[in-house]
Amino acid sequence: LNKNTNTIFALNTAQKSNRVDENFDGFLDNPLITRYTLFNKWNFSDEKNKSELNIAGRYWNEERVGGQINYDINNNQGSNQIYGQTAKINSIDGYVRFTKDTDETSGFKLYLNANYYDQNSFYGVTNYDAYQSNFVAMGLYEFELSDQFVFKTGMSYKYLKINEDISFLDTTNKTYAGNYLNVQSIPGIFAENSFNLLNDKATLMTGIRFDNVNDYGLIFTPRVLFRYQPVAELVVRLSAGTGFRTSNLFSDNSNLLASSRDIVIAEKLNPEFTFNYGADVLYYFTLGNIAGSLNLDYYRTEFSNKIIPDYDTDPTEVIFANLNGNAFSNVFQTEANINLMRNFDLKLAYKLIDLQYENNGIKYQQPFNSTHRFFSSLSFSPINKS
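Residues numbered from 1 in each chain as written. Predicted model: local features only at pLDDT ≥ 70, side-chain atom pairs only at ≥ 80, totals over all residues. Heavy atoms only, no water.

1. Thoughts on the overall build of the protein
Note the cut-off: Comment: elements are numbered from the N terminus, with helices defined as DSSP H or I runs of at least four residues and strands as E runs of at least two. Each residue is placed in one exposure class: buried if its accessible area under a 1.4 Å probe, protein chains only, is under 20% of its type's maximum, exposed if it is over 50%, and partly exposed if it falls in between. We call two residues in contact whenever any of their non-hydrogen atoms come within 4.5 Å of each other. Working definition of accessibility: Shrake-Rupley area with a 1.4 Å probe, residue cover restricted to the visible protein chains. For the charge count, each Lys or Arg is scored as positive and each Asp or Glu as negative, with His and the chain ends excluded. Charge coordinates come from a single atom per side chain, which is NZ of Lys, CZ of Arg, CG of Asp or CD of Glu.
Counting its regular elements, the protein contains two helices and 19 strands. The dimensions of the protein, computed from C-alpha atoms along their principal axes, are 70 × 55 × 45 Å. Taking all 386 residues of the protein together, 33% fall into the buried category. Of the contacts made within the protein by residues no fewer than 6 positions apart, 57% connect residues no fewer than 24 positions apart. Carbon together with sulfur atoms contributes 55% to the accessible area of the protein, which is approximately 22700 Å² in total. Computed over 33 positive and 42 negative side-chain charges, the separation of the two mean positions in the protein equals 6 Å.

Right, here's the structure in full:
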C-alpha cells in the first residue's frame, strides 16, 4: 500500500470429488472434502522508530465425509444401518507480533496468538464433539554484551482448554462415553545466551526454561546447541536438551474412535518427559557444472514416560497407561540436493525411524510406524534470459 504498509489476502478452497470405489469393497477410496480457508496478514514498519508490527488472521471451515459408497451425510449421520464417518470443522485463529530495536545491538519482541477450534464428528454411531481454545503470549528482550556474546530473556504464558464430549447413538459394549475436560495454565520464564568462538567459526548457544504447569508443578527444561563451520563448505551442528508434553488422548488417537475396540484409561496420565540429542553434518560441493549439498543427521530421543496405546493385553480393548519402563526413538536421515545443468534440481532422501519401548521388562517395537522411508523429486526451472 505504501513503503511502510503491506498486506496479503488469500483464499483456498477444495470441493468434493466424485464418489470413487475402484476396489469395489463398498467403501469410498477417498474422503469427500469441502474446505474454505481465508487468510489475511498486515505488516506495518516504522524505520524511524525501528519498529515493526505484524497482524494476521485465518478462518477455516471444512466438511469431510467417508464410509460406505452410498452414505449420505444428511440422512445417515450416526446411523447403525449404514457406516459413515463425518467431520465438520470451524476454526479461527490470529496472531500479533511486535518488534522494536532500542539501539543497534538490543531490542524487544512481543508475540500474541489465539485460536478457537470446533469439531463435530461421527464415527458410525460414535458422536465426538470437541472444542479447543488456546492463547499464547510471549515477551523477550535481547541485547549484546560484547561482540562475542548475545543474551536474551523473557516470560511466556500459555492457556489451553480442550472440552471433548463422546456419546453413542446405539447399544454398544464401549465404556468411554462422557465428558473429558483438560485445562492448562502455564506461566514460564526463559533465558538464552549465544557465544561466538574460534574466530567466529563456531557458535555455542545455551538456554533454560522454567514452566509452572497447573496440574504438575514446576518443570525445568535446559538446552544446548553447538554450530561449527571450519570452512565455507562444511557445517557441523550438535544439540541436546529436554522437553515435555501432556497427552490429549482422543485428539492424539482419533483413529481409535472408528475402531470396534473399547478405550480404557487405566490411570491418570502423566506428562511425557524426554531427553534428546543428536548431530547434523551439511556439506556443499561443486563438480564442474554440478553443484549441491549432502546432509546427514541423527537424533535420539529417550522417554522417561510415554503414553503408548496397548493393543495386545486384550483384543477387544486399547489400554492407555503411563509407561512402566523406558522408550526411545532413533532417527537417521540422509539427503542429497543436486543442481544439474542450472535448471534441474534433484532431491534424494532416506529416513530410518526406529521406535522401541519397554513395558514391564519386555521390549517392543512401537506399532503402526514405517521404519524405512524414501523420497525423491525432480524439478525444472526455466532460465531467465532477460
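2. Focus: the pairing of strand E9 (residues 202-213)
Along any regular strand, the residues point their side chains to alternate faces of the sheet. For clarity, the threshold we go by: DSSP-based pairing: two strands are paired if at least 2 bridges between them are found.
With ten bridges connecting them, strand E8 (residues 178-197) and E9 associate as antiparallel partners. Pairing of Phe-190 across the sheet is with Arg-209, part of E9. Hairpin connection, E8 to E9: the antiparallel pair is bridged by four residues, and Leu-198 has positive phi, about 50°. Pairing of E9 with strand E10 (residues 217-231) involves twelve bridges; the strand directions are antiparallel. For Gly-207, the partnering residue across the bridge sits in E10 and is Arg-223. Counting the residues in the hairpin turn of E9 and E10 gives three residues.

3. Some thoughts on the packing of aromatic side chains
We count it as follows: Any two of the Phe, Tyr and Trp rings considered here, Trp counted by its six-membered ring, make a pair once their centres fall within 6.5 Å; the pair's planes then place it as stacked at under 30 degrees, edge-to-face at over 60, or tilted in between. Either the NZ atom of lysine or the CZ atom of arginine qualifies as a charge over a ring when it sits within 6 Å of the ring centre and within 35 degrees of the ring normal.
Across all of its chains, the model carries 19 aromatic pairs by this definition. When the ring of Phe-143 is compared with that of Phe-151, the centres are 5.6 Å apart and the planes differ by 55°; the resulting orientation is tilted. According to the relative accessible area criterion, Phe-143 is partly exposed, its value standing at 22%. Judged by relative accessible area, Phe-151 falls into the partly exposed class, the value being 23%. Feature note: the residues Tyr-141, Phe-143, Phe-149, Phe-151 and Phe-195 constitute an aromatic cluster, connected by ring pairs. A cation over an aromatic ring shows up here: Arg-300 above the ring of Phe-328, its NZ or CZ 4.3 Å from the ring centre. The ring of Phe-303 carries the charged tip of Lys-306 above its face, separated from the ring centre by 4.3 Å.

4. Points about a nonpolar patch on the surface
Worth spelling out the cut-off: Patch membership needs two things, relative accessible area over 30% and no salt bridge, and members are linked within 9 Å if like-charged or within 5 Å if nonpolar (Val, Leu, Ile, Met, Phe, Trp, Tyr). Within this document, salt bridges are pairs made up of a side-chain nitrogen of Lys or Arg and a carboxyl oxygen of Asp or Glu, the two lying within 4 Å of each other.
Taken together, the side chains of Phe-9, Leu-11, Leu-38, Tyr-59, Ile-92, Tyr-116 and Tyr-131 define a hydrophobic patch exposed on the protein surface, amounting to about 700 Å² of accessible area. Its place among the elements puts Tyr-116 in strand E5 (residues 106-123).

5. With respect to the side chain of Asn-76
Residue position: Asn-76 is located in helix H1 (residues 73-76). For Asn-76, a relative accessible area of 18% puts it in the buried group.

6. A few points about the side chain of Ser-239
Relative to the assigned elements, Ser-239 resides in strand E11 (residues 234-245). Under the relative-accessibility criterion, Ser-239 is labelled buried at 13%. Leave out the neighbours within four places in its chain, and Ser-239 touches Arg-223, Val-224, Leu-225, Asn-276, Tyr-277, Gly-278 and Tyr-299.

7. Some remarks on the nonpolar core
Keep this limit in mind: Residues belong to a common nonpolar core when they are buried Ala, Val, Leu, Ile, Met, Phe, Trp, Tyr or Cys residues joined through side-chain atoms within 4.5 Å.
Tyr-128, Ile-166, Tyr-176, Phe-250, Leu-257, Ile-263 and Phe-320 are the most contacted members of the largest nonpolar core, which totals 16 residues. Every element with two or more residues in this core is listed here: strand E6 (126-146), strand E7 (149-168), helix H2 (249-252) and strand E15 (317-320). Once you skip the residues sitting within four places of it in the chain, Phe-320 turns out to touch Leu-249, Asn-253, Leu-256, Ile-263, Val-264, Ile-265, Ala-266, Glu-267, Leu-269, Ile-307 and Pro-309. One finds Leu-32, Val-65, Tyr-71 and Ile-73 within the second-largest nonpolar core, a separate group that totals six residues.

8. Let's talk about the environment of Ile-92
Tracing the sequence through the fold places Ile-92 in strand E4 (residues 84-103). Each C-alpha atom, one on Ile-92 and one on Ile-33, is 19 Å from the other, the two residues being 59 residues apart in sequence. Residues in contact with Ile-92, not counting those within four places in the same chain, are Arg-58, Tyr-59, Ala-114, Asn-115 and Tyr-116.

9. Focus on the pattern of salt bridges
Applying the stated criterion to the full structure yields eleven salt bridges. Of the charged contacts, one joins Glu-63 and Lys-16 as a salt bridge, the two residues approaching to 3.6 Å between their closest N and O atoms. With a gap of 47 residues between them, Glu-63 in strand E3 (residues 51-67) and Lys-16 in the loop between strand E1 (5-14) and strand E2 (32-46) connect regions that are remote in the sequence. Measuring nitrogen to oxygen at the nearest pair gives 3.2 Å for the salt bridge that ties Arg-245 to Glu-272. Here Glu-272 lies in strand E13 (residues 272-287) and Arg-245 lies in strand E11, a separation of 27 residues in the sequence. For Arg-245, a relative accessible area of 38% translates into the label partly exposed.

10. Comments concerning the environment of Ile-186
In this fold, Ile-186 is placed in strand E8. As a C-alpha pair, Ile-186 and Ser-156 span 30 residues in sequence and 8.2 Å in three-dimensional space. Here Ile-186 is in contact with Ser-156, Tyr-157, Lys-158, Asp-211, Asn-212 and Val-213, once residues within four sequence places are set aside.

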